[in-house]
Amino acid sequence: QVQLVESGGGLVQAGGSLRLSCAASGHTFSSYVMAWFRQTPGKEREFVAVISYSGTNTYYADSVKGRFTISRDNAKNTVYLQMNNLKPEDMAVYYCAARSRLFLPVGGSDDWGSWGQGTQVTVSS
C-alpha cells in the first residue's frame, strides 16, 4: 500500500483559504486514484473530492463545488486540495485516501485502501 502524509491544515477565518497537501510514498503514485475526505466528531467520514490517475478528471461533493479544487503533481507524488471561501461548516479533520482502481463511484471509506493520518482545519466565524 501507498503511505500518505497530509499537511497544510490550520486556523483560518471564514472566507479565507487554505491549501492542503498529501505526499505519497511506497508505490507508483500515478497508478492511484486520490481523494480527500473529512470528518467531524461523532460523524462518519465524508467525501470531499476525487481525482483520476492523470488528473484529467475530478469530482466534488456538492457542498464544496465551486470553492474547493483538487489537483495532483505526479512528478512530486503529491495531491492538493485548494480550499477557498471557507465556511465554519468546513471545519473538520481532512484525510487523503488512495486506491488503485475505479475513479467513480467514490463509495465509502471501506472502498479506499490507504489513508493518511489527517490534518485539522479550523474555521472561525
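None of the values given here were measured: they were computed from a predicted structure. (Residues numbered from 1 in each chain as written. Predicted model: local features only at pLDDT ≥ 70, side-chain atom pairs only at ≥ 80, totals over all residues. Heavy atoms only, no water.)

A few words on the side chain of D90. The residue D90 is located in the loop between β8 (78–83) and β9 (92–99) in this model. For D90, a relative accessible area of 1% corresponds to the buried category. With residues near it in sequence (within four places) discarded, D90 still touches R38, R67, F68, N85, V121 and V123. (Helix = DSSP H or I, 4+ residues; strand = E, 2+ residues; numbered from the N terminus. Buried < 20%, exposed > 50% of the residue type's maximum accessible area, 1.4 Å probe, protein only. Contact = heavy atoms within 4.5 Å.)

With that settled, consider the nonpolar core. Within the largest apolar cluster, 38 residues are counted, with the highest numbers of intra-cluster contacts made by M34, W36, L81, M83 and Y94. Listing elements by their share of this core, those giving two or more residues are β3 (18–25), β4 (33–39), β5 (46–51), β7 (68–73), β8, β9 and β11 (119–124). (Core = buried A, V, L, I, M, F, W, Y, C linked by side-chain atoms within 4.5 Å.)

Our next topic: the state of the cysteines. For the structure on display, the rule yields one disulfide. Sulfur-sulfur distance for the disulfide between C22 and C96 comes to 1.9 Å. Here the disulfide of C22 and C96 is right-handed, its torsion about the S-S bond being about 50°. Here the residue C22 occupies a position in strand β3, and C96 occupies one in strand β9, the gap between them amounting to 74 residues. Here C96 falls in the buried class, since its relative accessible area comes to 0%. (Disulfide = S-S within 2.5 Å.)

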